[in-house]
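# An overview of the molecular structure
Chain by chain, the residues:
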Amino acid sequence: MALWKPDPTFYASPRDAVSAPPEKLAYVAAFDRAAEKPDAIAVLDVDPGSASYGDVVGWTDLPHLGDELHHFGWNACSSALCPYAPHPHVERRYLIVPGLRSSRVYVIDTKDDPTSPEIVKILEPDELAKRAGYSRPHTVHCGPEGLYLTALGGAHGEEGPGGIALLDHTSFDVLGRWEVDRGPQYFAYDAWWHIAHDVLITSEWGTPSMIEDGVVGELLLGRKYGHSLHFWDLRRRRHVQEVDLGDQHQMVLELRPAHDPTKQYGFAGVVVSVEDLSASVWLWHRDGDRWAATKVITIPAEPAGDAASLPEVIAPFGAVPPLVTDIDLSVDDRWLYVSCWGTGELKRYDVGDPFHPVEAGSVRIGGITRRTPHPAAPDLPLAGGPQMVEVSRDGKRVYITNSLYGSWDDQFYPDGVGAWMAKLDSTGGGFAFDERFFPHGDAFRGRRPHQTRLQGGDASSDSYCYP
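Residues numbered from 1 in each chain as written. Predicted model: local features only at pLDDT ≥ 70, side-chain atom pairs only at ≥ 80, totals over all residues. Heavy atoms only, no water.

So the rule is basically this: UniProt positions are given in the numbering used here, feature names are shortened, and annotations may be inferred rather than shown by experiment.
In the annotation of an unreviewed UniProt entry, the entry for the chain reads Methanethiol oxidase, and the organism field reads Actinomadura physcomitrii. Recorded in UniProt for the chain, the comment headed Sequence similarities (unreviewed entry) runs: "Belongs to the selenium-binding protein family." UniProt, in the comment section headed Pathway (unreviewed entry), describes the chain in these words: "Organosulfur degradation."

Structure representation (structure tokens):
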């Protein structure tokens, strides 16, 4: 339904978003690794003044088994105000929720009862395959002219290439493949843009067979996973340039561009270096008339102590890799949060000078060997680690969940990854756990929590077209 005025949760600029009212609800994708229960969207109360603060207050089961919900997004966001393809009268109402294993896509309405979201449409795998030639949908971003849905695999059992499907804003039908000329791009993962400059960036993980049963050691040591960034002409949908980070830097995952639309830089997280098990964060930026990428953060592996305590996949190395599996950039472009899922650490960096990040605090929770508890439950060792990280629009609240991907959870945490979510309060002086907010265990009804989306938008959901 069209609105007479733009949705109040659309913001012309990052400055407007930062000054907007805080979120009161969080939506969390929760999946059942055993595929014996349906995956679900859990709704959490994140209003500190509420009597049910920190509790799961709503729940929507999906109708099928084995979807493995992963990265989901809003149907519309602040990019609807962009001048070249404006859609100011759509509303931020629906969650677009892909199943990474099933290749289904769910459209879930949050408007009428925000704590009981309703499934209103299901795109079956054959529609994505037939209309776009893709499978294994991974990430959703709301663009001004449609919904961008990245996918890891090709259609009809083909491994690839992966790429981007475009969905209609209103009907949510699959319009088709986004790419007109993909150039050398084959692997897919994330996609983001510098929307005011007609630039799109994509990153690389691997094909479905390379990831669905866990990390394949031979492929990792053979440097076969993705290790490049790709730059595209957003308007013409054509590949412009590939920037190879070096094949030792395996799995280039999350992309976080500057929110300021006048800037042309952003950060990319790399899971692991096969040379020393370190993880890294890279800055992409303009270098004359070309794109370049510079490593600006290196996080070393940690000695394991007792190598016998390590899971089989990393036991030969005698160390614990950080495994940077998510990063998030605050809306004011000041703070970069880096999830080290292997060591169980969330790091915060001051990136006011993006070429020279300065570490500005860290917290420990979970970890392959440390099993650090949450301060609210000091006697409960935790598995998993900070994985998906989401930051509120004003940058004051940081939410983390602990599950990465079912088979990878089992590989790196073979005794069980558990289920927990935490929140940190972030200020210029530091950041620390909110001891009132720790949903865990049975709160997620036997599912594993993955990504979080915040009511009204968050740091990784919106693009802004005005400075």
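### Focus on the pattern of salt bridges
Put simply, the rule is: Each reported salt bridge corresponds to a side-chain nitrogen of Lys or Arg within 4 Å of a carboxyl oxygen of Asp or Glu. Helix numbers and strand numbers start at the N terminus; a helix is a DSSP run of H or I with at least 4 residues, a strand a run of E with at least 2. Only protein chains enter the accessibility calculation, which uses a 1.4 Å probe. A residue is then buried if its area is under 20% of the maximum for its type, exposed if over 50%, and partly exposed in between.
This model, assessed by the stated rule, comprises 35 salt bridges. For Arg 364, the salt bridge identified is with Glu 345, shortest N-O distance 3.6 Å. Separated by 19 residues along the polypeptide, Arg 364 in strand 25 (residues 358-364) and Glu 345 in strand 24 (residues 345-350) bring together distant segments of the chain. Accessibility expressed as a relative area gives 23% for Arg 364, which makes it partly exposed. In this structure Glu 345 comes out as buried when scored by relative accessible area, which is 6%. Here the salt bridges share partners, and the residues they tie into one network are Glu 302, Glu 345, Lys 347, Glu 359, Arg 364 and Arg 370.

### Considering the side chain of Thr 110
Threshold: Counting of polar contacts relies on pairs of N or O atoms within 3.5 Å, with two restrictions inside protein: one atom must be capable of donating a hydrogen and the other of accepting it, and residues adjacent in sequence are counted only when both atoms are side-chain atoms. Contact between two residues is taken to exist if any of their heavy atoms lie within 4.5 Å; hydrogens are not considered.
Of note, Thr 110 is situated in the loop between strand 6 (105-109) and strand 7 (118-123). Only 2.8 Å separates the side chain of Thr 110 from the backbone oxygen of Arg 93, close enough to count as a polar contact. Those residues in contact with Thr 110 that lie beyond four places of it in its chain are Tyr 27, Trp 74, Arg 93, Leu 95 and Pro 117.

### Observations regarding the packing of aromatic side chains
Here is the rule: The criterion for an aromatic pair is that two Phe, Tyr or Trp rings (for Trp, the six-membered ring) have centres within 6.5 Å, with stacked assigned to planes under 30 degrees apart, edge-to-face to planes over 60 apart and tilted to the rest.
Per the stated rule, a full pass over the model turns up 17 aromatic pairs. Judged by centre distance (5.7 Å) and plane angle (55°), the ring pair of Tyr 53 and Phe 437 falls under tilted. Taken together, the positions of Tyr 53 in the loop between strand 2 (40-45) and strand 3 (56-61) and Phe 437 in the loop between strand 29 (430-433) and strand 30 (448-454) put the pair 384 residues apart, joining distant regions of the chain. Comparing Tyr 53 with Phe 437 shows no difference in burial state: the two are buried.

### Re the sheet that holds strand 6
Rule in force here: A pair of strands is labelled paired if DSSP reports no fewer than 2 bridges between them.
Reading across from one edge, 4-5-6-7 is the order of the four strands in this open sheet, with antiparallel pairing throughout. Here the strands that pair on one side only, and so sit at the sheet edges, are strand 4 (73-74) and strand 7. Of the pairings in the sheet, the one linking strand 4 to strand 5 (residues 94-98) comprises two bridges and is antiparallel in character. From the neighbouring strand, Trp 74 faces strand 5, where its bridge partner is Leu 95.

### What to know about the pairing of strand 10 (residues 163-167)
For strand 10, the tally of buried residues reaches five of five residues, placing the bulk of the element in the interior. Looking at chain direction, strand 9 (residues 146-154) and strand 10 are connected through five bridges and run antiparallel. Paired with Leu 147 across the two strands is Leu 167, which belongs to strand 10. Sheet topology places strand 10 next to strand 11 (residues 174-177); three bridges connect them, and they run antiparallel. When the sheet's bridge partners are listed, Leu 167 is paired in strand 11 with Val 174. In this structure, the hairpin formed by strand 10 and strand 11 is closed by a connection of six residues, where Phe 172 is found at a positive phi of approximately 65°.

### Some words on unusual backbone geometry
Going from Gly 160 to Pro 161, the amide bond is cis rather than trans, its omega being 5°. With respect to the secondary-structure elements, Pro 161 resides in the loop between strand 9 and strand 10. For Ser 103, which is not a glycine, the phi torsion comes out positive at approximately 70°. The topology assignment puts Ser 103 in the loop between strand 5 and strand 6.

### Some words on the sheet that holds strand 25
Rules: Note on method: axes are straight lines fitted to C-alpha atoms, helices fitted across the in-contact stretch only, with angles between N-to-C directions ranging 0 to 180 degrees.
Spatially, the four strands line up as an open sheet ordered 22-23-24-25, and their pairing is antiparallel. Of all strands in the sheet, those with a lone pairing partner are strand 22 (324-329) and strand 25, marking the two edges. Going across the sheet, the axis of each strand differs from the next one's by a mean of 20°, ignoring polarity. Here strand 23 (residues 335-340) runs beside strand 24; their pairing, made up of six bridges, is antiparallel. Looking at the pairing, Val 338 lines up with Lys 347 of strand 24.

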